[in-house]
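The chain contents come next:
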Amino acid sequence: MTLQIYQIDAFAEKPFEGNPAAIVPLDDWLPHETMQAIAAENNLSETAFFVQHNSGFYIRWFTPTSEVKLCGHATLASAFVLFELLGYERDTVYFDSLSGPLSVTRQDGRFVLDFPSQAPVKCETPDDLVKGLGQTPLACYKSEDLLAVFADEEQVANIRPNYDYLVKLEHRGVIITAPSLEQDFVARFFAPKYGIPEDPVTGSAYTQLTPYWSERMGKNSFTAKQISSRGGKLSCELKDDRVMIAGRAVKYMQGTIDV
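In this report, we go over the structure that sits alongside the text. Since the model is a prediction, treat every value here as computed from it, not as a measurement.

Turning to helix H2 (residues 72–85), a few remarks are in order. Between its terminal C-alpha atoms H2 stretches 19 Å, which fits the 20 Å expected from 14 residues at 1.5 Å a residue. Here H2 lies mainly inside the structure; 12 of its 14 residues are buried. Phi turns positive, to about 75°, at Gly 87, one or two residues after H2.

What follows is the structure, given as structure tokens:
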């Protein structure tokens, strides 16, 4: 069987920025183990597969080691493939997923994700988090991920994680964040238990970051930057129990795979 595959840089203004995702459109689902093997072979933080479903599509996301319930950048990349490469004509594409209904709207050259908000709850700071980050955060919160808050951007940029400790934590991953002089806030994201030491740009993390910064700063709209080595810029807005996450994307590569 020959399948089309696309590699898209999401939350990027040009190639080699943002977060690369592999996108594989399907007519019917492949066996789970085949999709996992493709994701492992791609060795990107996420490979997304989608199948047409009712009036939209069902989407699934795989890291090199596991299927996950929510991924932002690979959803944006999937919408880019549909809008820009496969001729999808509507302005909004609707996805069903393990996290429920999602949508992506094409708007002035950007792609706007409509995701469920995950307001984090303050918690005790785990010892393994402190050992893994090499610093004690000002505060720690939890939702799907642990969210560690620091005083300034320089602290966040200078952290060199010890993944032997972070992999022990029970949550999906670790977000670190701080206020920024140029943006409203910056962030980084680590998910070693899913085979992703540091993720370049993590759309789903902003479903937790946006409600946190909304409560802290008393506003609903933000500019943010993920300060990984590749880097990526996002706009975020809290609307009731949803988070709008906007960014651009570019095609890096397309081809075929034989399975």
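Structure shown, so let's carry the discussion forward.
Our focus in this paragraph is the pattern of salt bridges. Summed over all chains, the structure comprises 9 salt bridges. The residue Arg 242 makes a salt bridge to Asp 114 at a minimum N-O spacing of 2.7 Å. On the criterion of sequence distance, the pair formed by Arg 242 in strand S17 (residues 242–247) and Asp 114 in strand S8 (residues 110–116) is long-range, its members being 128 residues apart. One salt bridge in this structure joins Lys 219 and Asp 184, with 2.8 Å as the shortest N-O distance. Taken together, the positions of Lys 219 in the loop between helix H6 (206–217) and strand S15 (221–226) and Asp 184 in the loop between strand S12 (174–179) and strand S13 (185–191) put the pair 35 residues apart, joining distant regions of the chain. Given a relative accessible area of 31%, Lys 219 falls into the partly exposed group. The network of salt bridges with shared partners includes Glu 144, Asp 145 and Arg 172.

What follows is about the side chain of Ser 180. On the secondary structure map, Ser 180 appears in the loop between S12 and S13. Of note is the side chain of Ser 180, whose polar atom sits 3.3 Å from the backbone nitrogen of Glu 182. When sequence neighbours within four positions are dropped, the list of residues in contact with Ser 180 reads Glu 153, Phe 185 and Val 186.

With 3 bridges joining them, strand S9 (residues 121–123) and strand S10 (residues 139–142) adopt antiparallel strand pairing. Paired with Cys 123 across the strands is Cys 140, a residue of S10. Relative to strand S11 (residues 146–149), S10 runs antiparallel, the two being bridged by 4 bridges. Note on S11: the bridge partner recorded for Tyr 141 is Leu 147. Where S10 folds back on S11, the antiparallel hairpin that results is connected by 3 residues.

About the criteria used
- Residues numbered from 1 in each chain as written.
- Predicted model: local features only at pLDDT ≥ 70, side-chain atom pairs only at ≥ 80, totals over all residues.
- Heavy atoms only, no water.
- Helix = DSSP H or I, 4+ residues; strand = E, 2+ residues; numbered from the N terminus.
- Expected span 1.5 Å × (residues − 1).
- Buried < 20%, exposed > 50% of the residue type's maximum accessible area, 1.4 Å probe, protein only.
- Salt bridge = Lys/Arg side-chain N within 4 Å of Asp/Glu carboxyl O.
- Polar contact = N/O pair within 3.5 Å; in protein donor to acceptor, adjacent residues only side chain to side chain.
- Contact = heavy atoms within 4.5 Å.
- Pairing = 2+ DSSP bridges.

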